[in-house]
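Overview (structure and organization)
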Amino acid sequence: MKSNEFFSWVRRRALYIGAGVVGTALVINSFPAITSRKFRNSAELSLKYEHAPPTRSANIERLDGSIQKPFDVLIIGGGATGAGCALDATLRGLDVAIIEKNDFASGTSSRSTKLIHGGVRYLEKAVFGLDLAQLILVYEALRERSIMINQAPHLCSIIPTMLPCYRWWEVPFYYAGLKTYDVVAALSKGTLKNSFAMFSAEAKSEFPTLRPKGPDESDLCGAIIYYDGQQDDARMNLSVALSAAIRGATVCNYMKVVDILRNDDSQACGVKVCDEISGEVHSVYAKSIINATGPLTDDIRKLEDSKAEDIAVPSAGVHIALPGHFTSRSNALIIPKTKDGRVVFMVPWLGHTIAGTTDRIVERTGEPRPTEEDVEFILESVRDYLALDVKRTDVLSVWAGIRPLAKDPNAKNSASILREHSISMGPEGIVTITGGKWTTYRKMAEDTVNFLLSHYQGLARKASKCSTETTQLVGAHGFSPLLKSEIAQSHRDLITSETAKHLARNYGTRATAVLRLVSENAELAERIVPEAPVIAAEVQYCAESEYAERAIDFLTRRTRMAFLNIEQARRSVPKVVELMARVKDWSAERQEQETKEAFRYLQQFTAQ
Ligand SMILES: Cc1cc2nc3c(=O)[nH]c(=O)nc-3n(C[C@H](O)[C@H](O)[C@H](O)COP(=O)(O)OP(=O)(O)OC[C@H]3O[C@@H](n4cnc5c(N)ncnc54)[C@H](O)[C@@H]3O)c2cc1C
């Protein structure tokens, strides 16, 4: 072929491919009803969700009873992955226990950016790196996005995200990229809404705090809006665990796995656990074990095999919380490339703005602490894009989370860090799940339980198929966006509409159980601190029905006070301890100890 013939052949092919993408995008834009998923949810579950889960002490008795009747599956780690595995296996009809050494979601799963996303950045890598594995990851996550929103519509929602463009070519470049994101979402039947471009004037009115000039003083040319999901990660994690508990799983927080129990064939047949509240040690027996301990995965792998090589590559990411007025009320902002090439998000969340994140290799720890350097990096990155001056004193809270990145335990090249999740089996039969992200927690759980069943034939015969795709979580069944207005109207003498909105969002249809406490005792309608919508009845409800065992559980994960405003959380400590003491019958000494522990723990929401 001559060179001019070759170039015309290439031009023709490029034209066909371009026309194909644009044509597909146009079709998809026109028919979002076809490319979004309709769910037929299981109705049977709603009845079960009327009941409160068994108490922690009842669950400990069940753990002790396992010497006579071992659990089918025992899961170590009560983060998103472990809770997901517990719900999956329980719904398949297996007898399940899940053990968490601190509180549910106390690890990485409460410290994310709260996005339910396919990952725009990963798509860029997939396209430019011609990386099919990366593309499959994006496809899978986009599919899971809509499943997650359906699972808990009170905790998860759609969020428009603005990508500002400061050079003319960025508009068609990012538009094409985000249209490809729409196409992949449509192919996975995970369309939420389709992206679109806007002129700079419209972008400024949509996001009034956006700076009209970019970091290099070039003018804003326009913006692209695309759609992802957003969640309350800790509440979502808890809801998955509670849903498993109500369906029959034995769910226990503050129970640390300290050793593995072995049978005569040197196979794992249970674990030794230490109750972090009473100090008592228990033996728990099970036919199979899953290690879902996220960034701490190697601790359990080494209990199984002391010579096992480390696979975790702990990398910390920091977020800051700012007042809500720094973002538009409904739009997030993505900065696709900061000065040093990272992605930074500014996301409106629970009336505040969260901004992050960073990336720094750290030591393995359960309580990572942010540094002043992290805070300064985030502030610098967002300053370039904000019309308002954002100061260090505007930072209301700051927290760090550790990504559960891991090398593939099955790979020959031990340097390759996984982007997807990996499931492996240790020499004593413990199944380890590592990597992945929040958005794909359900699929990771499904794959893990399938893997486990493929190795345990007896359990496979007993288990039914995975049904989590159409299973809504506690608080979701019968939920409608009208709930907050109904609560505000029916309880207008007792609570403000801000509190009504908070209750509907935090508890979904279970908000009625919180309000029942208020009807019985009007004093419980009082706010914990005047500036936050959280009320006293919630402390009682969470201590009685949501496994809140410590004041910090309430301040960080049952509600998100510490993540939003550390000063408010600190001021709330005495009141929360007093209210919990009534439910838990704490002595004066225990109350003092709880207060001290709460102030110590809350230190990690400040930079060092
Ligand atoms: C900064 C940051 C931002 C992120 N943003 C997003 C995002 O926007 N969207 C997204 O999809 N993903 C995001 N992710 C990823 C996501 O948060 C994680 O993939 C997910 O939370 C990991 O869950 P996990 O259950 O595997 O780990 P974890 O949540 O850490 O859970 C592991 C649990 O195991 C427990 N445990 C450990 N050892 C023991 C033991 N010996 N006995 C009993 N229990 C034990 C721990 O206490 C912990 O609770 C982000 C991650 C980070 C760090």
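These notes cover the structure that comes with them. (Residues numbered from 1 in each chain as written. Predicted model: local features only at pLDDT ≥ 70, side-chain atom pairs only at ≥ 80, totals over all residues. Heavy atoms only, no water.)

1. Side note on the overall build of the protein
Note the threshold: Only DSSP runs of H or I reaching four residues or more are called helices, and only runs of E reaching two or more are called strands; each is numbered from the N terminus. Exposure classes here rest on a 1.4 Å probe applied to the protein chains alone. A residue is buried below 20% of its type maximum, exposed above 50%, and partly exposed in between. For this analysis, residues touch if any pair of their heavy atoms sits within 4.5 Å. Residue exposure ignores everything except the shown protein chains as possible cover, and the areas themselves are Shrake-Rupley values with a 1.4 Å probe. In this tally Asp and Glu are treated as negative and Lys and Arg as positive; neither His nor the chain ends contributes. One atom stands in for each charge, and that atom is NZ of Lys, CZ of Arg, CG of Asp or CD of Glu.
Assigned secondary structure in the protein consists of 22 helices and 18 strands. Dimensions of the protein, computed from C-alpha atoms along their principal axes, come out at roughly 80 × 60 × 45 Å. Put simply, the protein has 608 residues, and 57% of those count as buried. A separation of at least 24 residues holds for 74% of the contacts in the protein among residues at least 6 apart in sequence. Looking at the protein as shown, the accessible area adds up to about 25,600 Å², and 55% of this sits on carbon and sulfur atoms. One finds the centroid of the 74 positive side-chain charges in the protein at a distance of 6 Å from the centroid of its 73 negative side-chain charges.

2. Comments concerning the pattern of salt bridges
Here is the rule: The term salt bridge refers to a side-chain nitrogen of Lys or Arg lying within 4 Å of a carboxyl oxygen of Asp or Glu.
Applying the stated criterion to the full structure yields 42 salt bridges. Residue Asp 103 pairs with Arg 558 through a salt bridge whose shortest N-O separation is 2.8 Å. Within this pair, whereas Asp 103 is found in the loop between β2 (96-99) and β3 (115-116), its partner Arg 558 is found in helix α19 (residues 551-558), the two being separated by 455 residues in sequence. For Arg 558, a relative accessible area of 1% puts it in the buried group. With a closest N to O distance of 3.0 Å, Glu 578 and Arg 582 form a salt bridge. Of the two residues, Glu 578 and Arg 582 are both situated in helix α21 (residues 566-584); the distance of four residues between them amounts to about one turn of the helix. What makes Glu 578 partly exposed here is its relative accessible area of 34%.

3. Concerning helix α12 (residues 372-383)
Note the following rule: Multiplying one less than the number of residues by 1.5 Å gives the expected span of a helix.
With twelve residues, α12 should reach 16 Å at 1.5 Å per residue; the first-to-last C-alpha distance of 16 Å fits that figure. Considered for burial, the residues of α12 that qualify are Asp 374, Val 375, Phe 377, Ile 378, Leu 379, Ser 381 and Val 382. On its buried face, α12 is in contact with β11 (315-323), β12 (332-335), β13 (344-349), β14 (352-356), β15 (360-361) and β16 (397-403).

4. Overview of the site of the ligand
Here is the rule we go by: When at least one non-hydrogen atom of a residue lies within 4 Å of a molecule or strand, that residue is treated as near it. Polar contacts, as counted here, are pairs of nitrogen or oxygen atoms within 3.5 Å of one another; within protein the pair requires one atom able to donate a hydrogen and one able to accept it, and residues that are adjacent in sequence qualify only if both atoms are side-chain atoms. The nonpolar class holds Ala, Val, Leu, Ile, Met, Phe, Trp, Tyr, Cys and Pro. Asp, Glu, Lys and Arg form the charged class, and all remaining residues, Gly among them, are polar.
Near the ligand there are 40 residues, and of these Thr 81, Glu 100, Ser 109, Leu 115 and Thr 439 occur at the shortest range. A distance of 3.5 Å is found between a nitrogen atom of the ligand and a side-chain nitrogen or oxygen belonging to His 117. Grouping the constituent residues of the shell around the ligand by class yields 13 nonpolar, 20 polar and seven charged.

5. Concerning the layout of surface pockets
Where empty space is left in the structure can be found by rolling a water-sized probe over the atoms. To be explicit about the condition: With a 1 Å grid laid over protein atoms only, a set of points is called a cavity when a 1.4 Å probe fits there but cannot get out and a pocket when it is open yet has protein on both sides within 12 Å along at least five of seven lines; lining residues have an atom within 4 Å of a point. Grid points are joined across faces, edges and corners, and a volume is the space filled by probe spheres set on the points.
Approximately 1,400 Å³ is the volume attributed to the second largest pocket. Along its surface, the second largest pocket is lined by 42 residues, and Trp 349, Leu 350, Gly 351, Lys 501 and Arg 505 are the ones closest to its centre. Broken down by secondary-structure element, the contributors of at least two residues to the lining of the second largest pocket are β4 (156-165), β6 (222-231), β13, α16 (497-507) and α20 (561-564). When residues in the lining of the second largest pocket are grouped by element, the largest group, six residues, is from α16. Considered class by class, the residues forming the lining of the second largest pocket number 18 nonpolar, 16 polar and eight charged.

6. Description of empty space enclosed by the protein
One pass over the structure, following the stated rule, counts four cavities of 30 Å³ or more. The calculated volume of the largest cavity comes to roughly 70 Å³. Forming the walls of the largest cavity are His 154, Arg 235, Ser 239, Leu 242, Val 474, Gly 475, Asn 506, Tyr 507, Arg 510, Tyr 541 and Glu 546. Of all the elements in the fold, those that place two or more residues in the lining of the largest cavity are α10 (233-246) and α16. Counting residues per element, the lining of the largest cavity draws most heavily on α10, at three residues.

7. So, a positive patch on the surface
The criterion, for reference: Only residues above 30% relative accessible area that lack a salt bridge enter a patch, with like-charged residues linked at up to 9 Å and the nonpolar side chains Val, Leu, Ile, Met, Phe, Trp and Tyr linked at up to 5 Å.
Among the surface-exposed residues, Arg 329, Lys 484, Lys 501 and Arg 505 lie close enough to one another that they form a single positively charged patch. Tracing the backbone through its elements, the reader meets Lys 501 in helix α16.

8. Topic: the environment of Asn 331
Looking at the secondary structure, you find Asn 331 in the loop between β11 and β12. C-alpha separation for the pair Asn 331 and Asp 553, spaced 222 residues apart in sequence, amounts to 29 Å. Within the local environment of Asn 331, its side chain forms a polar contact with the side chain of Glu 206, the two groups lying 2.9 Å apart.

9. Quick notes on the packing of helix α6 (residues 120-128) against helix α7 (residues 132-151)
The test is simple: Each axis is a line fitted through C-alpha atoms, and for a helix only the stretch in contact is used; angles between axes span 0 to 180 degrees, taken between their N-to-C directions. Reported orientations rely on four angle classes, namely roughly parallel under 35 degrees, roughly antiparallel over 145, roughly perpendicular from 65 to 115, and oblique for the rest. Two helices crossing with the near one rotated counterclockwise from the far one by less than a right angle form a left-handed crossing, whereas a clockwise rotation gives a right-handed crossing.
Direction vectors running N to C along α6 and α7 enclose 150 degrees, while the axes themselves pass 8 Å from each other. Looking at the two axes, α6 sits roughly antiparallel to α7. Remark: the crossing between α6 and α7 carries left-handed chirality. Listed contacts from α7 to Tyr 122, Leu 123, Lys 125 and Ala 126 of α6 are Gln 134, Leu 135 and Val 138. The class makeup of the residues in the contact of α6 with α7 is five nonpolar, one polar and one charged.

10. Topic: the packing of α21 against helix α22 (residues 588-602)
Close contact between α21 and α22 brings their axes to 10 Å; oriented N to C, the two are set at 155 degrees. Between α21 and α22, the angle is such that the two are roughly antiparallel. For the crossing formed where α21 meets α22, the hand is right-handed. Together, Ile 566, Ala 569, Arg 570, Val 573, Val 577, Glu 578 and Ala 581 of α21 and Gln 591, Glu 594, Thr 595, Ala 598, Phe 599 and Leu 602 of α22 make up the contact between the two elements.

11. Some words on helix α15 (residues 483-490)
Our working definition: The directions from the helix axis to the C-beta atoms form the arc being described.
Residues Leu 483, Ile 487 and Ala 488 constitute the buried set of α15. In an axial view of α15, the angular spread of the buried residues amounts to 135 degrees, which keeps them on one side of the axis. Against α16 and α17 (511-520) lie the buried residues of α15.

12. Examining the environment of Arg 560
With respect to the helices, strands and loops of the structure, Arg 560 is situated in the loop between α19 and α20. According to the relative accessible area criterion, Arg 560 is buried, its value standing at 3%. In sequence terms Arg 560 and Tyr 254 are 306 residues apart; their C-alpha atoms lie 20 Å from each other. Those residues within four positions of Arg 560 in sequence are excluded, and the remaining contacts are Ser 110, Lys 114, Asp 232, Asp 233, Ala 234, Trp 349, Leu 350 and Leu 555.

13. Quick notes on a nonpolar patch on the surface
On the surface, a nonpolar cluster with roughly 590 Å² of combined accessible area is contributed by Val 127, Phe 128, Trp 168, Trp 169 and Phe 173. With respect to the helices and strands, the residue Trp 169 is situated in the loop between β4 and α8 (170-187). Residue Trp 169 is classed as partly exposed on the basis of its relative accessible area of 39%.

14. Section: the environment of Tyr 456
As for its position among the elements, Tyr 456 is in the loop between α13 (441-455) and α14 (457-462). On the basis of relative accessible area, Tyr 456 is assigned to the buried category, the value being 19%. Put simply, Tyr 456 and Asp 72 are 384 residues apart on the chain and 9.9 Å apart in space, counted from C-alpha to C-alpha. Every residue in contact with Tyr 456, bar those within four places of it in the chain, is listed here: Lys 287, Ser 288, Met 425 and Gly 429.

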